[in-house]
Amino acid sequence: MITVTAKQLRENLSAYLDRMEAGEEVAVIRHSKIIAMMAPIRGEKNNFTGEANARKLRNLLPKLRTHKRFSDPNKDYKQLRDELYDEDPKYKHYRKK
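Residues numbered from 1 in each chain as written. Predicted model: local features only at pLDDT ≥ 70, side-chain atom pairs only at ≥ 80, totals over all residues. Heavy atoms only, no water.

Some points on the overall build of the protein
Counting its secondary structure elements, the protein contains 4 helices and 3 strands. Along the protein, from the amino end to the carboxyl end, the secondary structure elements read β-α-α-β-β-α-α. Here the protein holds 97 residues, and 12% of them are scored as buried. For the protein, the share of sequence-separated contacts (at least 6 apart) that also reach a separation of at least 24 residues comes to 18%. When the accessible surface of the protein is summed, it comes to about 8600 Å², and 53% of that surface belongs to carbon and sulfur atoms. (Helix = DSSP H or I, 4+ residues; strand = E, 2+ residues; numbered from the N terminus. Buried < 20%, exposed > 50% of the residue type's maximum accessible area, 1.4 Å probe, protein only. Contact = heavy atoms within 4.5 Å. Areas by Shrake-Rupley, 256 points an atom, 1.4 Å probe, with all protein chains shown as cover.)

Written out as structure tokens, the structure is:
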């Protein structure tokens, strides 16, 4: 574990991020007190590639198609929005009077 001041971290953030990516933990101090601990994510890596996101969306698409909002493809956005406002109590102030 390394200890850095907030100023050092701000000025050399990319270098400290590289060190964390390599597995090192970083403690941030301010006024001689540790105020934050930064550590790399252990275990499963985050995969935010376009391919991974597309795969997740493809898996969700069948569920979305069965949702009642997709039941009528002839309705436009405004009609669907108005139905949402009419049905959901949290949108009651948007309802047409």
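Side note on the pairing of strand S2 (residues 26-30)
Here strand S1 (residues 2-5) runs beside S2; their pairing, made up of 4 bridges, is parallel. Residue Thr-5 lies in a different strand from S2, and its bridge partner there is Ile-29. Linking S2 back to strand S3 (residues 33-38) in an antiparallel pair, the connection comprises 2 residues, with His-31 at a positive phi of about 55 degrees. (Pairing = 2+ DSSP bridges.)

Observations concerning the environment of Lys-7
Tracing the backbone through its elements, the reader meets Lys-7 in helix H1 (residues 6-11). Sequence spacing of Lys-7 and Val-28 is 21 residues, and the spatial spacing of their C-alpha atoms is 9.4 Å.

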